[in-house]
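These are the residues of each chain, in order.
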Amino acid sequence: MDLSALSYQKFVHFALEETQRRTTLAPLPSQEKFRSIKAKDDKTMLHGLSFSAPKIRLLRSLTIEGSEAVKVLDFAAFSKPEFDLPIFCANFFLNASLSIVVLDLNPLYDVTIRSDYKDKYYIKLMSLGQKYAEVSKILKLKLPILPLTFLNYTCQICSFTFLSKTIQLLPWGGKVTSESLRFFSPIVIWSMLSSKKYKHDILYSAFMDYFQTWLELMDQAVEETDALKILRNREAQHKYLTWRAEKDPGHPILKRLIGEKLAKDLLRNFLFEGVDTLGTRTFLDYFPEYRCKDGSINQRRSIIGKSYETRPWDAKGEFIGSEPG
Ligand code: BLA
């Protein structure tokens, strides 16, 4: 696949313009250092932007482009702890053979346990989750012999039977690190496809829809005044940052591109800024199952392993996955 013409810049422009229409973005000092970094291959460029706003603690974007080998967008928005808003998360990776997509409003609280949080944010968004999961396209009038993948659809008004086919736009990507799932919502788009099937425009459309939705939630969000609830929001965000700063699957590539020291700086002081300031608990405090006998962190991404071959939520947002293992 020829990646040279594809760029994630329009995704970033859209998101920043839309945010600026609704609130005032102020650049953060962290963006200076990570605004433009040339990778060791002398071709790939990393571009970082970071902002805050009255309700937003950190809105940041990282694009990796420039070489034919790989394209990445890592875009996230975190509210201030006075709000319990979900975390906007767009994580796209594309190379000549593979396309990986994670697009979600990551819940601040595990929705399989906290149904109140699920009801507050996701129940009314389930149709958005469905929109990119699959669509039914009417093809033509019914033929006598039907291939199995085709479905019949009888029109209620004219009572003709049509032939339709279910097309998956961004189909579930198959088994995923089980630990990651508690950070995903019922509307998560998780997709892993051969890059031959990659559809930039569909992804752009999904990105716009999901980001607009997050901005609407931000507009409606009412500031929490209960100190205990604010503390819990801060800790939940810290746990999320701690997970991603340690276990994000992009680490090996970042290390290869810019070296171990700068990659660590990028992770802790830019992408997951707050991991060293929002709380004092360590990775092993939150995730003790990763503790090795010598007290170090197990380097494996997953202890439980990968699970969830198919989407573990139904159309109503009920968790239908079996226990991983
Ligand atoms: C793969 N990225 C993945 C996978 C997930 C994510 C779920 C599939 C592999 C797996 O099951 O772990 C993304 N995981 C997430 C997100 C959360 C999570 C968003 O837990 C949030 C809670 N990805 C990047 C960057 C790069 C990148 C910056 O964000 C590259 C610089 C690459 N992601 C990348 C690659 C893979 C991947 C190369 C496939 C390799 C692999 O599976 O190890």
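Please read these numbers as outputs of a predicted model, since none were measured by experiment. Positions within a chain are numbered from 1, following the residues in the order the chain's sequence is written. Local features in this predicted model are restricted to residues whose pLDDT is 70 or higher, and side-chain atom pairs enter the listing and the counts only when it is 80 or higher, whereas totals over whole chains, interfaces and linings include all residues. Hydrogens and waters are ignored; side-chain quantities use all the structure's heavy atoms.

### Notes on the site of the ligand
To keep things clear, this is the line we draw: When at least one non-hydrogen atom of a residue lies within 4 Å of a molecule or strand, that residue is treated as near it. Two N or O atoms count as a polar contact when they lie within 3.5 Å, although within protein this holds only if one can serve as hydrogen donor and the other as acceptor, and sequence-adjacent residues are included solely when both atoms are side-chain atoms. Per-residue and other accessible areas follow the Shrake-Rupley method at a 1.4 Å probe size, with only the shown protein chains counted as cover for residues. Secondary structure elements follow DSSP: runs of H or I of four or more residues count as helices, runs of E of two or more count as strands, with numbering from the N terminus.
Lining the immediate surroundings of the ligand are 22 residues, of which N91, T177, S180, W243 and R301 lie closest. The side chain of T177 places a nitrogen or oxygen atom 2.6 Å from an oxygen atom of the ligand. The contact in question runs from an oxygen atom of the ligand to an N or O atom on the side chain of W243, over 3.1 Å. Computed on the free molecule, the ligand has an accessible area of 860 Å², of which 90% lies beneath the protein chains in the complex. Counting residues per element, the ones that place at least two in the shell around the ligand are β5 (70-79), β6 (87-95), β7 (98-106), β11 (176-177) and α7 (227-247). At three residues, β6 tops the list of elements feeding residues into the shell around the ligand.

### Quick notes on the nonpolar core
Soluble globular proteins tend to pack their nonpolar side chains together in the buried interior. Quick note on the threshold: Buried Ala, Val, Leu, Ile, Met, Phe, Trp, Tyr and Cys residues that are joined via side-chain atoms within 4.5 Å together make up what is termed a nonpolar core. Residue exposure (1.4 Å probe, protein chains only): buried if accessible area is under 20% of the type maximum, exposed if over 50%, otherwise partly exposed. Any two residues whose heavy atoms approach within 4.5 Å at even a single point are treated as in contact.
In this structure, F88, F92, L103, F207 and W214 are the most contacted members of the largest nonpolar core, which totals 96 residues. Among the elements that take part in this core, helix α6 (residues 200-220) stands out by supplying ten residues, more than any other. If we ignore the near neighbours within four places in the chain, the residues touching W214 are I56, A77, S79, L85, P86, I87, F88 and L105.

### Considering the packing of helix α8 (residues 251-258) against helix α9 (residues 260-271)
Keep this limit in mind: Fitting a line to C-alpha atoms yields each axis, with helices limited to the stretch in contact; the angle taken between N-to-C directions then spans 0 to 180 degrees. Each angle gets one of four labels, with under 35 degrees taken as roughly parallel, over 145 as roughly antiparallel, 65 to 115 as roughly perpendicular, and the rest as oblique. Here is the rule for handedness: rotate from the far helix to the near one, and if that takes an anticlockwise turn smaller than a right angle the crossing is left-handed, while a clockwise turn gives right-handed. Put simply, Ala, Val, Leu, Ile, Met, Phe, Trp, Tyr, Cys and Pro go in the nonpolar bin, Asp, Glu, Lys and Arg in the charged bin, and everything else, Gly too, in the polar bin.
At a closest axis distance of 7 Å, the pairing of α8 and α9 adopts a crossing angle of 125 degrees. By the angle between their axes, α8 is oblique relative to α9. α9 is crossed by α8, and the crossing has right-handed handedness. Facing α8, whose interface residues are H251, L254, K255 and I258, α9 presents E260, L262, A263, L266, L267 and L271. Of the residues contributing to the contact of α8 with α9, the split by class is seven nonpolar, one polar and two charged.

### Considering the pattern of salt bridges
Rules: Whenever a carboxyl oxygen of Asp or Glu lies within 4 Å of a side-chain nitrogen of Lys or Arg, that contact is scored as a salt bridge.
Inspection of every chain in the model, using the stated rule, returns 16 salt bridges. Between R57 and E273 there is a salt bridge; the shortest N-O distance is 3.2 Å. On the criterion of sequence distance, the pair formed by R57 in strand β4 (residues 56-65) and E273 in the loop between α9 and α10 (283-286) is long-range, its members being 216 residues apart. On the basis of relative accessibility, which here comes to 13%, the residue R57 falls in the buried class. Across the salt bridge formed by K120 and D84, the nearest N and O atoms sit 3.0 Å from each other.

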